[in-house]
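Coordinates in review
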Amino acid sequence: MIKCAWVFPLALLLLAFQTETAHPQGVDLAALNGWDIVLPDEPIPSEAYAAEELQHFLAEATGQKLPIHKEAAAGAGHIFVGESKAMRAAKVGFDTAGMGEEDLRIIVRDGNIAIAGGRPRGTLYGVYTFLEDQLGVRFLTPDQTHVPAAGKSHPVGPLDYSYHPPLSFRWSNYGENNRNPVFAARMRCNTVTHDAKFGGVTGRRLISHSFTHQLPTSRYGKDHPEYFALRNGERLSDVKNDGRQTQPCVSNPDVVRIVTDSVLASVAEHPDRTNISVSQNDNGRYCQCKRCAALDTQADSHMGAQLALVNAVADAVAAKHPGVDVGTLSYQYTRKPPKNIRPRPNVQIQLCSIECSQIYPIDDPASPRNKEFCEDLVGWGKICDDICVWTYNTNFHNYLLPCPNLRNIEPNIRLFVTHHAKGIFMQGPGNALGGDFCGLRNYMTGRLLWNPDLRGEELMDEFLRLHYGKAAPPIRKFLDRLCDNARAKGADKNCFAHPKNYAIDEAIGQAALDAIQEAARLAESDEIRARVEMAEIWAQRAAVGDLPLLLSGGMRDRRKRGEITLKDIPTMNQADIDRKLPHMQRMLALCKTHGVTQWSESWSINDAMPVLRKFFGLAEGEPFSKSN
């Protein structure tokens, strides 16, 4: 009897132990005393950097700076960063073999954490995912990261999470990313830096205009005018700017040979690249010779002659460099899918939405200008399984003018992913800092490119709350009014607009100023007041309203060519000057204070100043105010 009494409690203990081990336990991130971060014996640069990033932000959140080792110390809790022997031997262990270069997995259980993924970026992106999802870290702008305190207790898990990003090419094209590789990596923008510490760039490059260097008029134009577009009976072979003024005669056999040779040489010089551009220059002057016209007619698209050349180049590349793709823009006159010709298996299509509305989501039938693009998106999907999208989230004529398109970021990205796009280039003011609400736009875009299942409105509210604090509500109220007003007034313009094209009138300008005034009153710190002051630049630009000259790339080019001079620029009437000048003065002073230097895509503020002075009736060189 005594023996039985002793055996029964032992059985209960064994059962309890088995039950406990069968149900893994989570980890308290606020109680990491004695833990360490464990790297592989030979980590690649991005894995070593991932460990440093994790160490830094954990210390901010918990007050505990964990040591980084390459061996797992006995008895301690471990955070394994990257695959290692020690990680595989632990309960959280797994194998990363076969994982894509950005695939990641996070396991939290029983006193250990493992964060690892495919090389070169999976582990680094896994760390950022862990920090965001489990600690609430938010990478808002290059100079603002929100790191909430872990508190006395911060339980996580048990957890086994895997992620494969749906887009292999992600470029939120803002100066805030392009000039800050640390921040770009945190936003998982995989296109801006080759630095191995940040995981380098994806092998896929942006498909862009290429004929200007593959068949330059400076080399071939004099002796072979037949290589270039025939327009109105004249070959465009003697031009000053290939990109803006000519195209190749894409059906000419010699042109096909020359472009092919150029491409093969470039591929041989850059073995790290997985694709190369073979694409039209940035103008609409396609060739109208009999051969090109016949190919386009058969295809019912000007992509007919273009794609015939691209396919020929792709065949040559496939023969010598299997695994390398040839990409071409489906842009403006080549946007419509051809009827009688299909892209080769190694041809990529970069579909461009430049004609589409900035007021409505691209799939919103309320915008007539979007309808044909959606038809083309579907059409390309039927004949090509390798499509990227080049889309737009700015106003190229007015970087500083509020653009009523913030609500479109989420539905547009989700539309492209739904139609199996493999990459998205969201073109913003990539050559500038300080465009209208660029911090907010970049945050929303970057987060959605990484995870298109997120909600745009929630991301907008989150950014505004964390960036502007108590000053956020009037700014959000103005942004809603801006978007609502544009739709109510029937605005339907693309990414080249005056204020009137976006229905920005005196009432909207005043609403912007009122919002900034209220936000400044609510701001609870000097730091937030400075952010509100930055936003005042865009409010003052809205208050200035329409100007009598389009400060666009085309006008700048005409002035450079001497086709237009300051004498040709009209001066505003005195009533407009009296109303607009104070807003222009304040805007320019704030731009100087905050280092904003770009007026539009092609005009710097310094370049624009002589033109602006003439508008406002000022003498040559006369400052708008003492501060400029």
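Here the structure is a predicted model, which means the values were calculated and not measured.

**Brief notes about the overall build of the chain**
- Within the chain, the regular secondary structure consists of 22 helices and 18 strands.
- For the C-alpha atoms alone, the extent of the chain along its principal axes is close to 110 × 65 × 40 Å.
- Across the 628 residues of the chain, 55% fall into the buried class.
- Taking the contacts inside the chain whose residues are at least 6 apart along the sequence as the reference set, 73% of them involve residues at least 24 apart.
- Here the chain contributes 71 positive and 73 negative side-chain charges, whose respective centroids are spaced 3 Å apart.

**Regarding the environment of Arg-186**
- Among the structural elements, Arg-186 can be located in helix H6 (residues 181-186).
- Separated by 57 residues in sequence, Arg-186 and Thr-129 have C-alpha atoms that sit 9.3 Å apart.
- Leaving out residues up to four positions away in the same chain, Arg-186 has contacts with Glu-53, Phe-57, Tyr-128, Phe-139 and Thr-145.

**With respect to unusual backbone geometry**
- Between Arg-119 and the following residue, Pro-120, the backbone shows a cis peptide bond with an omega angle of 15°.
- By the secondary structure assignment, Pro-120 is in the loop between strand E6 (112-117) and helix H4 (122-135).
- Going from Gly-157 to Pro-158, the amide bond is cis rather than trans, its omega being 5°.
- Among the secondary structure elements, Pro-158 is positioned in the loop between strand E9 (155-156) and strand E10 (159-163).
- We note that Asp-110 has phi near 50°; this positive angle belongs to a residue other than glycine.

**Quick word on the pairing of strand E18 (residues 423-427)**
- In terms of burial, E18 is largely enclosed, as five of its five residues are buried.
- Alternating residues of E18 divide into Gly-423, Phe-425 and Gln-427 and Ile-424 and Met-426, and every residue in both groups is buried.
- The sheet contact formed by strand E11 (residues 169-173) and E18 spans five bridges and is parallel. Considered in E18, the bridge of Trp-171 is made with Phe-425.
- Note that strand E17 (residues 387-392) and E18 share five bridges and pair parallel. Bridge pairing in E18 links Cys-388 to Gly-423.

**A few points about the sheet that holds E10**
- Across the sheet, which stays open at both edges, the six strands sit in the order E3-E2-E4-E6-E5-E10 with mixed pairing between neighbours. The sheet terminates laterally at strand E3 (68-69) and E10, the two strands that pair on one side only.
- With four bridges connecting them, strand E4 (residues 78-81) and E6 associate as parallel partners. What sits directly across from Phe-80, in E6, is Ala-114.
- Docked against the sheet, helix H2 (residues 45-62) engages strand E2 (36-38), E3, E4 and E6, running at close to 145° with respect to E4.

**A look at helix H11 (residues 290-299)**
- Looking only at H11, the buried set comprises Cys-292, Asp-296 and Ala-299. Considered in projection along H11, the buried side chains sweep an arc of 65° and stay on one side of the axis. Pointing more than 90 degrees away from the buried face of H11 are the exposed residues Lys-290, Thr-297 and Gln-298.
- In this structure, the buried residues of H11 make contact with helix H12 (303-320).
- Asp-300 sits one or two residues past H11 and shows a positive phi near 55°.

**Thoughts on the confidence of the model for the chain**
- For the chain, per-residue confidence averages 93 on the pLDDT scale, and 95% of positions sit at 70 or higher.
- For residues 1-20, every residue scores under 50 in pLDDT, and the model assigns this stretch zero contacts once sequence neighbours within four places are set aside.

**Description of the pattern of salt bridges**
- Inspection of the entire model under this criterion finds 36 salt bridges.
- Glu-102 is the salt-bridge partner of Arg-121, the closest N and O atoms lying 2.7 Å from each other. Of this pair, Arg-121 sits in the loop between E6 and H4 while Glu-102 sits in the loop between helix H3 (85-89) and strand E5 (104-109), placing them 19 residues apart in sequence.
- The closest approach of N and O atoms between Glu-132 and Arg-188, which form a salt bridge, is 2.5 Å. Residue Glu-132 is found in helix H4, and its partner Arg-188 is found in the loop between H6 and helix H7 (211-214); the two are separated by 56 residues along the sequence.
- Take Glu-132: its relative accessible area is 5%, and that puts it in the buried class.
- Three or more residues are tied together by salt bridges with common partners; here these are Arg-407, Glu-457, Asp-461, Arg-476, Asp-480 and Asp-484.

**Re the sheet that holds E17**
- On the basis of which strands lie adjacent, the open sheet formed by six strands has the order E11-E18-E17-E16-E15-E14 and parallel pairing. A strand with exactly one partner marks an edge of an open sheet, and here the two such strands are E11 and strand E14 (275-277). Going across the sheet, the axis of each strand differs from the next one's by a mean of 20°, ignoring polarity.
- In this structure, strand E16 (residues 347-352) lies alongside E17, joined through four bridges in parallel fashion. Each residue of the ladder has a partner; that of Gln-350, found in E17, is Cys-388.
- The sheet strands contacting helix H13 (residues 368-383) are strand E15 (325-330), E16 and E17, and the helix crosses E16 at an angle near 170°.

**Some remarks on the packing of helix H14 (residues 409-418) against helix H15 (residues 438-450)**
- Taken N-terminus to C-terminus, the directions of H14 and H15 make an angle of 25°; their axes are 10 Å apart at the nearest point. Here H15 runs roughly parallel to H14, going by the angle between their axes. Here H14 runs over H15; the crossing is right-handed. Of the residues in H15, those in contact with Ile-409, Glu-410 and Ile-413 of H14 are Arg-441, Met-444, Thr-445, Leu-448 and Leu-449.
- Considered class by class, the residues forming the contact of H14 with H15 number five nonpolar, one polar and two charged.

Conventions used here
Residues numbered from 1 in each chain as written. Predicted model: local features only at pLDDT ≥ 70, side-chain atom pairs only at ≥ 80, totals over all residues. Heavy atoms only, no water. Helix = DSSP H or I, 4+ residues; strand = E, 2+ residues; numbered from the N terminus. Buried < 20%, exposed > 50% of the residue type's maximum accessible area, 1.4 Å probe, protein only. Contact = heavy atoms within 4.5 Å. Lys, Arg positive; Asp, Glu negative; His and termini not counted. Charge placed at Lys NZ, Arg CZ, Asp CG, Glu CD. Pairing = 2+ DSSP bridges. Axes fitted to C-alpha atoms, helices over the stretch in contact; angles between N-to-C directions. Arc of directions from axis to C-beta. pLDDT = per-residue confidence, 0-100. Salt bridge = Lys/Arg side-chain N within 4 Å of Asp/Glu carboxyl O. Parallel < 35°, antiparallel > 145°, perpendicular 65-115°, else oblique. Left-handed = near helix turned anticlockwise from the far one by under 90°. Nonpolar A, V, L, I, M, F, W, Y, C, P; charged D, E, K, R; others polar.

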